[in-house]
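Listed below, chain by chain, are the residues.
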Amino acid sequence: MQWTSGIAIYFLLWIFSAFMVMPFGIRTHQDAGTAPEAGHADSAPINFQPWRIVWRTTLVAAVLFVLFYVNYEQGWITAEDIDFFPPPPDLEAEQALTTADPAR
């Protein structure tokens, strides 16, 4: 795997992880028993801590990337393992002809 591909995959995993991590530890005004300030939504967090979310997201994304990379190197799960649908009949016949006659 090229390093640029690794960075791109890590970035995608980081964004995915951010949406997974964001709801944890957030308390609303209703949870805290206080009234929201004028103009704030009732669902607005009272204790929003973006750096905590960034650190948690980075940790989760790093674990997911390590698992992805080890799977990439070891080949535990491949594309053929998750292909649940058989090939179309015309493609299957064409593949059989190609393997029977390699000069084709």
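Here the structure is a predicted model, which is why all the values come from computation and not from measurement.

S.K.: Is there a simple way to explain the overall build of the protein in this structure?
M.R.: Each helix and strand in the protein was counted, giving four helices and zero strands. Taken from the N to the C terminus, the helices and strands of the protein come in the order α-α-α-α. The C-alpha extent of the protein, read off along each of the three principal axes, is 75 × 30 × 20 Å. Within the protein, the proportion of its 104 residues that are buried is 12%. The long-range fraction of contacts in the protein, counting pairs at least 24 apart against all pairs at least 6 apart in sequence, stands at 57%. Charge-centre separation for the protein: the mean point of 4 positive side chains lies 19 Å from the mean point of 11 negative side chains.

S.K.: Help me understand the UniProt feature "transmembrane region" (unreviewed entry) in the protein in this model?
M.R.: As recorded in UniProt, the sites labelled "transmembrane region" (unreviewed entry) are residues 7-26 and 53-72. Secondary structure over residues 7-26 splits into 75% helix and 0% strand, and the C-alpha atoms at its two ends are 29 Å apart. With 100% helix and 0% strand, the stretch residues 53-72 has end C-alpha atoms that lie 28 Å from each other.

S.K.: I tried to follow the side chain of N71 on my own but got confused; where do I start?
M.R.: Mapped onto the secondary structure, N71 falls in helix α3 (residues 50-74). Beyond its immediate sequence surroundings of up to four residues, N71 is in contact with W76 and I77.

S.K.: Whenever I open this one, a nonpolar patch on the surface confuses me. Can you help?
M.R.: A cluster of nonpolar side chains, namely V66, V70, W76, I77, I82, F84 and F85, defines an oily patch on the protein surface of about 830 Å² accessible area. Structurally, F84 can be placed in the loop between α3 and α4 (89-100). Assessed through its relative accessible area of 67%, F84 is described here as exposed.

S.K.: What is the right way to read the packing of aromatic side chains from this model?
M.R.: How two aromatic rings sit relative to each other is set out by the distance from centre to centre and by the angle between their planes. The final tally for this structure, using the stated rule, is three aromatic pairs. Measuring from ring centre to ring centre gives 6.1 Å for Y10 and F65, while their planes differ by 85 degrees; the resulting arrangement is edge-to-face. Of this pair, Y10 sits in helix α1 (residues 3-21) while F65 sits in helix α3, and the two are 55 residues apart along the sequence. Each member of the aromatic cluster is reached from another via a ring pair, and the members are Y10, F65, Y69 and Y72.

How each quantity is defined
- Residues numbered from 1 in each chain as written.
- Predicted model: local features only at pLDDT ≥ 70, side-chain atom pairs only at ≥ 80, totals over all residues.
- Heavy atoms only, no water.
- Helix = DSSP H or I, 4+ residues; strand = E, 2+ residues; numbered from the N terminus.
- Buried < 20%, exposed > 50% of the residue type's maximum accessible area, 1.4 Å probe, protein only.
- Contact = heavy atoms within 4.5 Å.
- Lys, Arg positive; Asp, Glu negative; His and termini not counted.
- Charge placed at Lys NZ, Arg CZ, Asp CG, Glu CD.
- UniProt positions renumbered as here; feature names shortened; annotations may be inferred.
- Patch = residues over 30% accessible without salt bridge, like charges linked within 9 Å, V, L, I, M, F, W, Y side chains within 5 Å.
- Areas by Shrake-Rupley, 256 points an atom, 1.4 Å probe, with all protein chains shown as cover.
- Salt bridge = Lys/Arg side-chain N within 4 Å of Asp/Glu carboxyl O.
- Phe/Tyr/Trp six-rings, centres within 6.5 Å; stacked < 30°, edge-to-face > 60°.

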